[in-house]
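In case you want the letters, here they are:
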Amino acid sequence: MGSGQTVTVFGAYGHTGRFVVAELLDRGFVPVLSGRDAGKLRELAASAPARLDVRPASAEDPASLDRALAGAAAVVNAAGPFATTAGPVVEAALRAGIPYVDVAAEIEANADTFERYGDRARSQGAVILPAMAFFGGLGDLLATTAMGDWTRADEARVVYGLSGWHPTPGTRVAGKVSSERREGRRVRHTGGRLEYHRDELALLDWEFPAPLGRRTVVDEFTMADVVTLPSHLDIPEVRTAMALEAARDLASPDTPAPTAVDERGRSAQTFLVDVVVRSGTGERRAVAHGRDIYAVTAPLVVEAVERILTGRTSATGVVSAGALFDAPDLLRALSAHLTVEVSERAVSTAS
């Protein structure tokens, strides 16, 4: 458990940040609340069950970030858009000599973190863990688990069976930033690299495991998995897809933000993440069931922080979850939040 170690949460008062703060408290850590809005930080501190330190900071003010991270054992960046915040907070973490973990779902922001900080973080023996969230981190852990003893696969598919998707304001802002950065183009991972294109999205029928069954999904609805998986797994084709209902929710400007329906603040949203890796005629599958994509990010993050701080890691530098941790063991540790099933079968060459 956290043993009273302090962890700065940048963006603590945001939707996901609040879940992270609560999970840190539950696990025995002492969160330091940080972010741009001092009033919202004080309001969050007043509602906490313990006295918490409030340290306002801005991504545009390095000195404020240094104050926010002073004395902390690690920093969690939960403040998007990460195209704006990831770089400055990574820099502050490197100056402070502490691990950095974020929940970025933005494809380009994650790619930037790998490209810009990989060599520097490795030379300092630092751990920089981007996308340790439902999008990016969970898919990577599942794919790594499914791969098992395979050293290479021909293709990986990460298919999201969300019951619906009520996006947070932060999700909408991040999506807008990513769209502007791509100039309206779409992105996919093919031939071992990211490729930008203007092809129309296609629909396909996907046979999810029970209880979902056959559902229509939006193919090449590309998420952060196209950065995290290829960062350490030899898979030239990585494709992601999204349940049609959830894609429609996200696309509609009228879809409201998530509404809490239980004492933990979770929404009624459920999810099934279906990860299939194929090599020749072999197919391996890892499936995770759970509830509320924003809420489940918190135990993913805090489990990662605890493992980093207790030395249960296998790499330094900028690394994804599957490369940094024992993926099957980490998923087992989250059994209170996720149900995970792994299977293998042979497929015909015609399938």
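Shown above is the structure to which this text applies.
Residues numbered from 1 in each chain as written. Predicted model: local features only at pLDDT ≥ 70, side-chain atom pairs only at ≥ 80, totals over all residues. Heavy atoms only, no water.

> Before we go on, may I ask you to explain the pattern of salt bridges in this structure?
Pairing between side chains of opposite charge can happen when their charged atoms approach one another. For the coordinates displayed, the defined rule picks out 35 salt bridges. Salt-bridge contacts for Arg 181 lead to Asp 112; the nearest nitrogen and oxygen are separated by 2.6 Å. Of this pair, Arg 181 sits in helix 7 (residues 169-181) while Asp 112 sits in helix 5 (residues 107-124), and the two are 69 residues apart along the sequence. Asp 262 is the partner of Arg 291 in a salt bridge, and the nearest nitrogen-oxygen pair spans 3.5 Å. (Salt bridge = Lys/Arg side-chain N within 4 Å of Asp/Glu carboxyl O. Helix = DSSP H or I, 4+ residues; strand = E, 2+ residues; numbered from the N terminus.)

> Looking at this structure, I do not really get the side chain of Glu 23. What am I missing?
Topologically, Glu 23 is positioned in helix 1 (residues 15-26). Judged by relative accessible area, Glu 23 falls into the buried class, the value being 11%. With residues near it in sequence (within four places) discarded, Glu 23 still touches Ala 298, Pro 299, Val 302 and His 337. (Buried < 20%, exposed > 50% of the residue type's maximum accessible area, 1.4 Å probe, protein only. Contact = heavy atoms within 4.5 Å.)

> Could you clarify how one ought to interpret the packing of helix 3 (residues 62-69) against helix 4 (residues 82-96) in this entry?
Helix-helix packing is characterised by the crossing angle of the two axes and by the distance between the axes. For the pair helix 3 and helix 4, the least separation of the axes is 9 Å and the interaxial angle reads 55°. As summarised for this structure, helix 3 and helix 4 are arranged oblique, according to the angle between their axes. The hand of the helix 3/helix 4 crossing is right-handed. Every residue of helix 4 that contacts helix 3 at Pro 62, Leu 65, Asp 66 and Leu 69 is listed here: Pro 88, Val 89, Ala 92, Ala 93, Arg 95 and Ala 96. Broken down by class, the residue content of the contact of helix 3 with helix 4 amounts to eight nonpolar, no polar and two charged. (Axes fitted to C-alpha atoms, helices over the stretch in contact; angles between N-to-C directions. Parallel < 35°, antiparallel > 145°, perpendicular 65-115°, else oblique. Left-handed = near helix turned anticlockwise from the far one by under 90°. Nonpolar A, V, L, I, M, F, W, Y, C, P; charged D, E, K, R; others polar.)

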